[in-house]
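# Inside the fold
The primary structure of each chain is shown beneath.
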Amino acid sequence: MAATKLSIIGAGSAAFSLSLVGDLCKTRGLSGSLVSLMDIDRDRLNAVHTLARKYAEELGADLRFETTTSLEDTIKDSSFVVNTALVGGHSYFEKVRQISEKHGYYRGIDSQEFNMVSDYYTISNFNQLKFMHDVAKMMEKLSPKAWLLQAANPVFELTNLISRTVPINMVGICHGHHGVDYIVEVLGLDKNKVEWQVAGVNHGIWLTKFLDDGKDAYPLIDEWFEKELENWKPTNPFDDQLSPVAADMYQFYGRMPVGDTVRNGSWKYHYNLETKKKWFGEPWGGVDSELGWKWYQERQAEIALTMQKVAKYFQENPKAKLLSKETYEEIIALAKDEVKEEFAQGIYKILDPEKKSGEQHILLVDALLNDEKVDLVLNVLNQGTIPGIPDDVAVEIPVYADKDGIHPYKIEPDIPERIKKMYLMPRILRMEWALEAFLTGDRKVLEEFLIRDPRTESYEQVVRVIDEVLNLPENEEMRRHYSSSQG
Ligand code: NAD
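Here the structure is a predicted model, which means the values were calculated and not measured.

### Thoughts on the overall build of the chain
Helix and strand content of the chain: 18 helices and 13 strands. On C-alpha atoms alone, the chain measures out to a radius of gyration of 22 Å, which is about the 23 Å that the 2.2 N^0.38 rule sets for 487 residues. Referenced to the eigenvectors of the C-alpha coordinate spread, the extents of the chain come out at roughly 65 × 55 × 45 Å. Evaluated residue by residue, the chain yields a buried proportion of 58% over its 487 residues. Considering only contacts within the chain whose residues lie at least 6 apart along the sequence, 69% involve residues at least 24 apart. Between the mean site of the 57 positive side-chain charges and the mean site of the 77 negative ones, the chain shows a separation of 2 Å.

### A short note on empty space enclosed by the protein
Here the idea is plain: a probe the size of a water molecule rolls over the atoms and shows the empty space left. Tallied over the entire structure, the rule returns 2 cavities of 30 Å³ or more. Considering the residues around the largest cavity, the lining is formed by I109, I123, S124, L446, I466, V469, L470 and M478. Per element, the largest residue contribution to the lining of the largest cavity is 3 residues, and it comes from helix 17 (residues 459–470). The class makeup of the residues in the lining of the largest cavity is 7 nonpolar, 1 polar and no charged.

### As for the site of the ligand
Residues in contact with the ligand amount to 22 residues; listed here are only the nearest, S13, D39, R44, A151 and N153. A distance of 2.8 Å is found between a nitrogen atom of the ligand and a backbone nitrogen or oxygen belonging to A151. In this structure, H175 approaches the ligand through a main-chain N or O atom, which is 3.4 Å from an oxygen atom. For the ligand, whose accessible area on its own is 870 Å², the fraction buried by protein is 85%.

### Quick look at the layout of surface pockets
In this structure, the second largest pocket encloses a volume near 240 Å³. Lining the second largest pocket we find 14 residues, and of these W147, S163, M170, V380 and L381 sit closest to its centre. Of all the secondary-structure elements, those providing two or more residues to the lining of the second largest pocket are helix 6 (155–165), strand 6 (169–172), strand 11 (374–381) and strand 13 (405–408). For the lining of the second largest pocket, the element with the highest residue contribution is strand 11, accounting for 3 residues. Of the residues assigned to the lining of the second largest pocket, the class counts are 9 nonpolar, 5 polar and no charged. Inspection of the lining of the second largest pocket shows a minimum of three residues originating in each of domain 1 (5–90 + 116–174) and domain 2 (108–115 + 175–288 + 373–440).

### Things to note about the nonpolar core
With 156 residues, the main nonpolar core has F210, I221, M256 and L364 as its most contacted residues. For this core, the element with the most residues is helix 15 (residues 417–440), which contributes 10 residues. With residues up to four places along the chain from it excluded, the contact list for L364 reads L149, V171, I173, L376, L378, A401 and I406.

### Section: helix 14 (residues 361–370)
The buried fraction of helix 14 amounts to 7 of the 10 residues, a majority that puts the element mostly inside the structure. Within helix 14, burial applies to H361, I362, L364, V365, D366, A367 and L368. Backbone geometry just downstream of helix 14 places D371 in the positive-phi region, at approximately 60 degrees.

### Some remarks on the domain arrangement of the chain
One can read the domain layout of the chain as domain 1 (5–90 + 116–174), domain 2 (108–115 + 175–288 + 373–440), domain 3 (291–351) and domain 4 (443–487). Summarising the inter-unit geometry, the C-alpha centres of domain 2 and domain 3 are found 32 Å apart. With 11 residues of domain 2 in contact, the opposing surface of domain 3 contributes 5 residues. Summing both sides of the interface, domain 2 and domain 3 together bury roughly 590 Å²; the carbon and sulfur share of this comes to 77%. Among the residues of domain 2 in contact with domain 3, F238, W284 and V287 are the three that bury the most area, contributing 56% of the side total. Split into classes, the residues belonging to the side of domain 2 that touches domain 3 amount to 6 nonpolar, 2 polar and 3 charged.

### As for unusual backbone geometry
Residue P283 is reached from E282 by a cis peptide bond, and omega for that bond is 5 degrees. Tracing the backbone through its elements, the reader meets P283 in the loop between helix 10 (273–280) and helix 11 (290–316). For the peptide bond that leads from E412 to P413, omega is 0 degrees, which places it in the cis range. Mapped onto the secondary structure, P413 falls in the loop between strand 13 and helix 15. Here F114, not a glycine, exhibits a phi torsion of approximately 65 degrees, which is positive. By secondary structure assignment, the location of F114 is in the loop between helix 4 (89–102) and helix 5 (126–142).

Thresholds applied
Residues numbered from 1 in each chain as written. Predicted model: local features only at pLDDT ≥ 70, side-chain atom pairs only at ≥ 80, totals over all residues. Heavy atoms only, no water. Helix = DSSP H or I, 4+ residues; strand = E, 2+ residues; numbered from the N terminus. Rg over C-alpha atoms; globule rule 2.2 N^0.38 Å. Buried < 20%, exposed > 50% of the residue type's maximum accessible area, 1.4 Å probe, protein only. Contact = heavy atoms within 4.5 Å. Lys, Arg positive; Asp, Glu negative; His and termini not counted. Charge placed at Lys NZ, Arg CZ, Asp CG, Glu CD. 1 Å grid on protein atoms, 1.4 Å probe; cavity = no way out; pocket = protein on both sides within 12 Å on 5 of 7 lines; lining within 4 Å. Points joined across faces, edges and corners; volume = space filled by probe spheres on them. Nonpolar A, V, L, I, M, F, W, Y, C, P; charged D, E, K, R; others polar. Near = heavy atom within 4 Å. Polar contact = N/O pair within 3.5 Å; in protein donor to acceptor, adjacent residues only side chain to side chain. Areas by Shrake-Rupley, 256 points an atom, 1.4 Å probe, with all protein chains shown as cover. Domains from an automatic or database assignment. Core = buried A, V, L, I, M, F, W, Y, C linked by side-chain atoms within 4.5 Å. Buried area = accessible area lost by both parts, 1.4 Å probe.

This is how it looks when you write it as structure tokens:
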């Protein structure tokens, strides 16, 4: 079999890249592949490279690795490109959030109705949208048959933008549907007997079918909420799948919101920290509050730092074995107490030959390349799958993949009308506005987002906040893009 080249753009995102490498090592049909790790940060890249090689060696996998800082080099001759880069990093998001808060926009102008996730920017994220669009266009030129697996956010906007404007094979990938596994586990059900479907748009998916042994299992959720909700407390800021918000959204919309959908309710749950605490629980008020996001950012930074220390350890001790007790003790000691458990799970789970990461990327690659048919939940253009949603809107739906491509399952039963009219359509409109702004360069469209924002008290406020964001040094290109108003 000819060697397949798989590229990861933004590969310095260590936890994510190593999950994919772990899955690759455990996928026989992808043996012999070349993994091209691309990032602009050399230190992160080298750390991931060291660890990736270590995993492949210890799992006895036949994989080759290359590192590059060149987009052209990584894309050329590639069959699969996973894009997980974050242009400007999390620090850019924090800058925009600070400016926004100064002008009266709590948690930032990009926190919008049905899109409250703190790193899912659609208004001020020109550099990210442009980069992802450029990567797709470069693929069209250099590797026109390759598949783009879009992992970086905003997955919803990017899947629409790229699918509509660049003629390549592309799909948006997220892991939010694992919220169903959590519900199944908490209810104590046997997952082999549970049949489920989710459908909607990225970060806006709903549990449309939920059967246990062929019987409707929704009454079990009702019973759980009735008995457990009043004593419920989150164990961490992400713990919201069975929270008061989820229960309230379920009551109003008639189906359970799944995964990040719970974070993406209306303003009812997000006006301020006090409101967030009421709905998402104390002490954090959910992961998208100032407290929850700080918790997440600090942990992420600590885990990234620890990964770099571990990589350095293996660079200095190339013969050390991950699986030896002595090495284990030495590398676990590199992690601070508060992230030790998560870090150990992250790094050692990959070595379990029976366990895959739960990410869908490598399963999809194996299906497309080797006809290993698999059921997944992916973002593709609707093309009639969900009635009432336009054909050219990317939906997140259950599909199966094989060598002939990605095939949507029928959504049965359909998504309730209330979800379509009161949740999906308004969210889809905001995606359309973001694309309208990006594709026309008309700053009036950006302004319109905020004119319709309940936090806005005057048009002057809108102009001031947008001016200040556009004046950030890293937004020079964005400033030029939005310099002429066509409105
Ligand atoms: P991160 O900042 O830790 O990592 C991103 C990497 O991108 C960094 O190593 C950075 O150096 C690199 N990068 C930045 N600009 C680049 C460029 N021009 N070319 C190549 N590489 C570049 O960020 P993260 O927290 O790992 O998040 C990455 C993205 O993945 C975000 O958009 C996040 O929202 C998204 N995400 C998606 C899912 C999903 O399931 N789809 C889950 C979690 C996070």
